[in-house]
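Single-letter residue listing:
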Amino acid sequence: MSESRAFCPRCGDPVPERSADDESDDAADPLRPGSEVDLCDSCYFEDFDFVDAPNRIDVRVCARCGAVYRGNRWVDVGAQDYTDIAIEEVSEALSVHVDVEDVAWQVEPEQVDQNTIRMHCFFTGVVRGTPVEEQVMVPVKIARQTCQRCGRIAGDYYASIVQIRAEGRTPTSEETDRAKEIAHSIVADMEATGDRNAFVTEVSETDDGLNIKVSTNKIGKKISNKMVEEFGGTVNDAETLVTEDSDGNEVYRVTFAVRLPPYTPGDVIDLADDADDDGPVLVRSARGNLKGTRVTTGERYEASYEEGNSPDARKLGEHEDAEETTVVTVEDENAVQVLDPETYQAKTVARPDYFDADAETVPVLKSRAGLHILPDESASASAEE
Ligand SMILES: [Zn+2]
Ligand SMILES: [Zn+2]
């Protein structure tokens, strides 16, 4: 039995002894059953096929986004141009013999015409201690098409609209910019997981806010929830029947109406129903119940549960309307004299507890409610929530 191992099973030529670690057991080597005896080198190389390559490769590429059709679906491959795609497809289609070690290959693309690239591939490797090399040429034919997603985008397809509105005001540019950012980042996250059905169809400014058309209801829902999470307010959704699909199922489009709260952080408001007349409030947060700071005392204010984020109030101005003015003198623990930024006359105003007695200047807001010292920007940022 051990004799048979020493001869080529095809031509009967003697084959060299195996290496030391292989010859420990000749009868029952589990990795090499007795039937599979090694061929001699010349019989081995007679059958040896280094590279297995198709005669040609047809590839369908979306002319708009560069996606490639593989199997039965469009796949984003992140290729920069058609040569990149051809290289990628050839790498997928070629295979080399499993016995070869130290395989290296390079490819030289040759553009034949707009839709044909000849791929000249050079392979090297080592098998049975013998260097081997092979050249193959595979033509790649590119068919330019439009993938389903690009077709839908071009056709202004959308399944959902997110309307960004605000109560009693138009949304700020900070809010609308953030809404766009959220929409694009949600879509990017979904694309990153291979979801090709996620896209923003259209973003349009309206007189009272922003409309975002998106490809699925799920995206619309995510955008509106995120906006409310960050800015407060509410979201209502409503379905509209748009059509029936080919199977007779009703197709609905969902509108998510985001209503942002009436006041935003930085607003200074005068509460209408303020029995104690504790003075205007600088809004800190409009998420949940409106929260802020009294600009007369520096005390914390929070609207009741019933009032939520929209207590009955009028807006006096914003923190960024404040002007830096000179502190004339500190009268006592409740009063400070500052210069009126318009008339330059000294005026006695309430002293909030965030007032710094060493400050030479302070930001003040002049409004219908009078003159009030506001906290420094830096102080107001750190006191958020
Ligand atoms: Zn042989
Ligand atoms: Zn496409």
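Up top is the structure.
Residues numbered from 1 in each chain as written. Chains lettered and ligands numbered in written order. Predicted model: local features only at pLDDT ≥ 70, side-chain atom pairs only at ≥ 80, totals over all residues. Heavy atoms only, no water.

Colleague: Can you explain the pattern of salt bridges? Please cite residues and give values.
Modeller: Scanning all chains against the criterion turns up 25 salt bridges. In this structure, the salt-bridge partner of R70 is E89, at a minimum N-O distance of 2.6 Å. Of this pair, R70 sits in strand β3 (residues 68-70) while E89 is found in helix α2 (residues 82-93), placing the two residues 19 residues apart along the sequence. For R70, a relative accessible area of 23% translates into the label partly exposed. Judged by relative accessible area, which is 9%, E89 ranks as buried. We note a salt bridge from K366 to D340, for which the minimum N-O separation is 2.8 Å. Of the two residues, K366 is situated in strand β22 (residues 361-367) and D340 in the loop between β20 (335-339) and β21 (346-350); the sequence distance between them amounts to 26 residues. Connected through salt bridges with shared partners, the residues R178, E181, K226, E229 and E230 form a single ionic network. (Salt bridge = Lys/Arg side-chain N within 4 Å of Asp/Glu carboxyl O. Helix = DSSP H or I, 4+ residues; strand = E, 2+ residues; numbered from the N terminus. Buried < 20%, exposed > 50% of the residue type's maximum accessible area, 1.4 Å probe, protein only.)

Colleague: Please give an account of the side chain of T325 that cites residues and values.
Modeller: Turning to its location among the elements, T325 is positioned in strand β19 (residues 323-332). Judged by relative accessible area, T325 falls into the buried class, the value being 6%.

Colleague: Run through the nonpolar core, naming residues and quoting values.
Modeller: Counting residues in each nonpolar core, the largest one holds 25 residues, and the members touching the most others are L94 and V140. When contributions to this core are tallied by element, the ones reaching two or more residues are β2 (57-62), α2, β7 (116-127) and β8 (130-145). Setting aside its immediate chain neighbours within four residues, V140 contacts I57, V59, A86, V90, N115, T116, I117 and M119. In terms of nonpolar packing, the next biggest core, distinct from the first, is built from 21 residues, A179, I182, I212 and V228 among them. (Core = buried A, V, L, I, M, F, W, Y, C linked by side-chain atoms within 4.5 Å. Contact = heavy atoms within 4.5 Å.)

Colleague: Mind laying out the environment of I142, listing which residues take part and the relevant values?
Modeller: Its location among the elements puts I142 in strand β8. A relative accessible area of 5% means that I142 is categorised as buried. If we ignore the near neighbours within four places in the chain, the residues touching I142 are V59, V61, Y82, N115 and I117.

Colleague: Give me the lowdown on the coordination of the zinc ion (ligand 2), citing residues and values where you can.
Modeller: For the zinc ion (ligand 2), the protein coordination sphere consists of C62 (SG), C65 (SG), C147 (SG) and C150 (SG), at 2.2 to 2.3 Å. Each of the 4 donor atoms around the zinc ion (ligand 2) contributes to a set of angles spanning 106 to 114 degrees, which defines the coordination as tetrahedral. All donors of the zinc ion (ligand 2) come from a single chain, and their spacing in sequence reads C-x2-C-x81-C-x2-C. Remark: C147 occurs in the loop between β8 and α3 (148-154) and C62 occurs in strand β2; sequence separation between them is 85 residues. In terms of burial, C62 and C147 fall into one category: buried. (Donors = N, O, S within 2.8 Å, 3.2 Å for Na, K, Ca; no water. Tetrahedral: all angles 85-135°; square planar, octahedral: opposite > 155°, others 65-115°.)

Colleague: So what about the coordination of the zinc ion (ligand 1)? Which residues, and what values?
Modeller: Protein ligation of the zinc ion (ligand 1) involves C8 (SG), C11 (SG), C40 (SG) and C43 (SG), the donor distances falling in the range 2.2 to 2.4 Å. Judged by its relative accessible area of 8%, C40 falls in the buried class.

Colleague: Now, about helix α5 (residues 217-231): what can you tell me, with residues and values included?
Modeller: Across its 15 residues, α5 extends 21 Å between first and last C-alpha, which sits within 8% of the 21 Å expected from 1.5 Å per residue. Listed in full, the buried residues belonging to α5 are I219, G220, I223, S224, M227, V228 and F231. Projection of α5 onto a plane perpendicular to its axis shows the buried side chains occupying an angular sector of 165 degrees, all on one side. On its buried face, α5 sits against β9 (160-166), α4 (173-192), β11 (209-214), β12 (234-244) and β13 (250-260). (Expected span 1.5 Å × (residues − 1). Arc of directions from axis to C-beta.)

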